[in-house]
Amino acid sequence: MTTTPCIITVAINGSVPRKKDTPAVPISVQEMIESTHEAFEAGASLVHMHARDENENSSSDPEVFRSAREGIEKHCPGMIIQYSTGARGRELASRGGMLDQSPDMASLATGSVNFPTFVNENPPSFIDDLAQRMLDYNVKAECEIFDLAMLYNAKDLVDRGLLKPNPHVQFVMGVRNAQPARREILEFELSELRKILPDATWTAAGLGRHQLEVNHWALELGGHCRTGLEDNVKFDKTRLAKSNAELVARVTSLCPEYRRHPATAAEARAILGLTRD
Ligand code: ZN
């Protein structure tokens, strides 16, 4: 039986505080590398990472990104590495400061939106500058769609030459104060995506208790999946996830039901046009 590959992204750490209830969130570079390696073995082919400082706060320290990347490249051959340029706790000017390392990918939120307790602030000129930096350093953007307008903003970036015509788009659902995790919304956005960016690839992420149901929707609708402790520290209603690998393994186990299989790193690179010589 032939099956269609699904790129499983593992969002290893985000800005989740590692209090006693979330011991599995990797903070140090060594922890990031080990957690990513386990997730890679469980089926992840793309890692989305944030840098954290010794107080566990979000950081823009380029050395953290560089060291984590080096370790991951060594232990997880071919795995796609994506740096976060996300807003939380960081100054605008520093959020793209590590793109000169030319990681495979970086996240690019294409608009501003309220998050649970702060504004995910992405002014138009800032988005343009970040997109231009990604072009300059040959970094593929993953457009983060937290609300409907951001989808059309991505198209606008393509029209203005700031994004290549085959972007990778991620629908993020279930962040409080942003778009909810409703299948009708995802289906509508997909129908729009096919009209306005027919060459785009897509993935979806559900936050908190929505993580698993959004994984199911994405597998069924032909997209790619994101999981990981950044989005959800629980495995189910009764217990915390043991690790990023456990959440990845859950998606891997769902794949056959939808005639999918976890993409190998090489398959993921081919799908995203990231083959390098
Ligand atoms: Zn993130």
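So, how was this worked out
Residues numbered from 1 in each chain as written. Predicted model: local features only at pLDDT ≥ 70, side-chain atom pairs only at ≥ 80, totals over all residues. Heavy atoms only, no water. Axes fitted to C-alpha atoms, helices over the stretch in contact; angles between N-to-C directions. Helix = DSSP H or I, 4+ residues; strand = E, 2+ residues; numbered from the N terminus. Parallel < 35°, antiparallel > 145°, perpendicular 65-115°, else oblique. Left-handed = near helix turned anticlockwise from the far one by under 90°. Contact = heavy atoms within 4.5 Å. Nonpolar A, V, L, I, M, F, W, Y, C, P; charged D, E, K, R; others polar. Donors = N, O, S within 2.8 Å, 3.2 Å for Na, K, Ca; no water. Tetrahedral: all angles 85-135°; square planar, octahedral: opposite > 155°, others 65-115°. Salt bridge = Lys/Arg side-chain N within 4 Å of Asp/Glu carboxyl O. 1 Å grid on protein atoms, 1.4 Å probe; cavity = no way out; pocket = protein on both sides within 12 Å on 5 of 7 lines; lining within 4 Å. Points joined across faces, edges and corners; volume = space filled by probe spheres on them. Core = buried A, V, L, I, M, F, W, Y, C linked by side-chain atoms within 4.5 Å. Buried < 20%, exposed > 50% of the residue type's maximum accessible area, 1.4 Å probe, protein only. Pairing = 2+ DSSP bridges.

Asks: For this particular structure, what's the right way to read the packing of helix H1 (residues 29-41) against helix H7 (residues 244-254)?
Replies: Helix-helix packing: each pair is described by the crossing angle between the helix axes and the interaxial distance. H7 packs onto H1 with a crossing angle of 20° between their chain directions and a minimal axis gap of 8 Å. In terms of orientation, H1 and H7 fall into the roughly parallel class. Crossing of H1 over H7 shows right-handed handedness. Within the contact between the two elements, H1 uses Ser-35, Glu-38 and Ala-39 and H7 uses Asn-244, Ala-245 and Val-248. The residue makeup of the contact of H1 with H7, split by class, is 3 nonpolar, 2 polar and 1 charged.

Asks: Explain the coordination of the zinc ion to me, please; I cannot follow it from the model alone.
Replies: Protein ligation of the zinc ion involves His-48 (NE2), His-50 (NE2), Glu-230 (OE) and Glu-230 (OE), the donor distances falling in the range 2.0 to 2.6 Å. Taken together, the 4 donor atoms coordinating the zinc ion and their angles of 54 to 135° define a geometry best described as irregular. Donor residues binding the zinc ion come from one chain and are separated in sequence as H-x1-H-x179-E. Here His-50 is found in the loop between strand S3 (46-49) and strand S4 (51-52), whereas its partner Glu-230 is found in the loop between strand S13 (224-227) and H7, with 180 residues between them in sequence.

Asks: Which parts of the structure should I look at to understand the pattern of salt bridges?
Replies: Note that side chains of opposite charge can pair when their charged atoms are close. Taken as a whole and judged by the stated rule, the model has 14 salt bridges. Residues Arg-226 and Asp-231 are paired through a salt bridge, measuring 2.8 Å at the closest nitrogen-oxygen approach. Among the charged side chains, a salt-bridge network with shared partners connects Asp-128, Asp-156 and Arg-160.

Asks: In this structure, what is going on with the packing of helix H5 (residues 183-196) against helix H6 (residues 211-221)? I would like to understand it.
Replies: Two elements in contact, H5 and H6, have axes separated by 11 Å at closest approach and are oriented at 35°. Of the two elements, H5 crosses H6, and the hand of that crossing is right-handed. From H5, Arg-183, Leu-186, Glu-187, Leu-190 and Arg-194 reach across to H6, where they touch Trp-217, Glu-220 and Leu-221. Across the contact of H5 with H6, the residue classes break down as 4 nonpolar, no polar and 4 charged.

Asks: Could you clarify how one ought to interpret the layout of surface pockets in this entry?
Replies: Vacant regions in the atomic arrangement are exposed by a probe of water-molecule size rolled over the atoms. Taken as a whole, the second largest pocket spans an internal volume of roughly 300 Å³. Lining the second largest pocket are 18 residues, with Asn-138, Val-139, Lys-140, Lys-164 and Leu-274 positioned closest to its centre. Counting residues per element, the lining of the second largest pocket draws most heavily on helix H3 (residues 124-136), which supplies 3 residues. Taken together, the residues of the lining of the second largest pocket break down into 10 nonpolar, 4 polar and 4 charged.

Asks: Mind showing me how you'd approach the nonpolar core here?
Replies: As a rule of thumb, soluble globular proteins bury nonpolar side chains together. Residues Met-49, Leu-108, Phe-146, Phe-171 and Leu-193 are the most contacted members of the largest nonpolar core, which totals 72 residues. If you look at the next biggest cluster of nonpolar residues, it comprises 8 residues, including Ile-7, Ile-80, Ala-268 and Leu-274.

Asks: What is the right way to look at the sheet that holds strand S7 (residues 105-109) in this model?
Replies: Pairing between the strands of a sheet is mediated by backbone hydrogen bonds and can be parallel or antiparallel. Taken together, 8 strands build a closed barrel; the order of strands is S2-S3-S6-S7-S10-S11-S12-S13 and the barrel is parallel. Pairs of neighbouring strands in the sheet enclose a mean axial angle of 25°, with direction left out of account. In this structure, strand S10 (residues 140-145) lies alongside strand S11 (residues 168-173), joined through 4 bridges in parallel fashion. Bridge pairing links Glu-142 to His-168 in S11. Across the sheet, H3 touches S7 and S10, and the angle it forms with S7 is around 165°. Sheet strands touched by H7: strand S2 (8-11) and S13. Its angle to S2, the strand with the most contacts, is close to 160°.

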